[in-house]
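Remarks on the overall topology
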Amino acid sequence: MTAWTSEELTRIGTADELEIASARPDGSLRNPRTIWVVRVGDDLYVRSMHGRAGGWFPGTQTRHQGHIRAGGVDKDVTFADADPDLNDKVDAAYRDKYRRYGPSIIGGVVNHGARAATIKLAPR
């Protein structure tokens, strides 16, 4: 598995938003959706505020591949389920990065359903 470069981690991790497009069974990309992204250590994470059944998340489970765009970085990625032991750190990263939106908005990605839909982005 390929690792993120330091520059990619910084650029994507500090971007306010990320565009995510998952791959269909035939390999073509779905329309991109704009979501939030956080960095924890040398990894990048995204969450579906609608849990595993809603929004853009189910598409990531078809081929576990797609494309992201954020902070001037365009990258093909693999979608992997995040280690549940990291949920507290991912919660903290969301709260810290997006605190200006207030707890009611951040609560959309820091809750039980969103935690179950945490994806680790890996470059490919």
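Scroll up to find the structure this text is about.
The text that follows walks through the structure, step by step, so that each part is easy to find. (Residues numbered from 1 in each chain as written. Predicted model: local features only at pLDDT ≥ 70, side-chain atom pairs only at ≥ 80, totals over all residues. Heavy atoms only, no water.)

So, on to helix H3 (residues 87-97). Residues of H3 that are buried: Asn87, Val90, Asp91, Ala93, Tyr94 and Lys97. The buried residues of H3 all sit within an arc of 160 degrees when viewed along its axis, so they share a single face. Turned more than 90 degrees off the buried face of H3, the exposed positions are Asp88 and Lys89. Elements in contact with the buried residues of H3: helix H1 (6-14), strand S3 (38-40), strand S4 (43-47), helix H4 (103-106), helix H5 (112-115) and strand S7 (118-123). (Buried < 20%, exposed > 50% of the residue type's maximum accessible area, 1.4 Å probe, protein only. Helix = DSSP H or I, 4+ residues; strand = E, 2+ residues; numbered from the N terminus. Arc of directions from axis to C-beta. Contact = heavy atoms within 4.5 Å.)

What follows covers the pairing of S4. Taking burial as the measure, the 5 residues of S4 include 4 buried ones, the bulk of the element. Pairing analysis gives 3 bridges linking S3 to S4, with the strands arranged antiparallel. Looking across to S4, one finds that valine 38 is bridged to tyrosine 45. Linkage of S3 to S4, two consecutive antiparallel strands, is achieved through a turn of 2 residues, within which glycine 41 is found at a positive phi near 65 degrees. Note that S4 and S7 share 4 bridges and pair antiparallel. (Pairing = 2+ DSSP bridges.)

As a further point, take the nonpolar core. Proteins that are soluble and globular tend to have nonpolar side chains buried together. Counting 20 residues, the largest nonpolar core has Trp4, Ile12, Leu18, Ile20, Val46, Ile68 and Leu121 as its most contacted members. Those elements giving two or more residues to this core turn out to be H1, strand S1 (18-22), S4, strand S5 (65-70), strand S6 (73-81) and S7. By residue number, the principal contributor to this core is S6, which donates 3 residues. When residues no more than four places from it in sequence are discounted, the contact partners of isoleucine 12 are Trp4, Leu18, Val37, Leu44, Ile68, Ala70, Val73 and Lys97. (Core = buried A, V, L, I, M, F, W, Y, C linked by side-chain atoms within 4.5 Å.)

So, about the packing of aromatic side chains. Counted under the stated rule, the structure contains 5 aromatic pairs. Considering the side-chain rings of tryptophan 56 and phenylalanine 57, the 6.2 Å spacing of their centres and the 55 degrees angle between planes classify their relative orientation as tilted. The pair tryptophan 56 / phenylalanine 57 is uniform in exposure class, with both members buried. Look at tyrosine 98 and tyrosine 101: their rings are 6.3 Å apart centre to centre, the planes differ by 40 degrees, and that puts the pair in the tilted class. According to the relative accessible area criterion, tyrosine 98 is buried, its value standing at 0%. (Phe/Tyr/Trp six-rings, centres within 6.5 Å; stacked < 30°, edge-to-face > 60°.)

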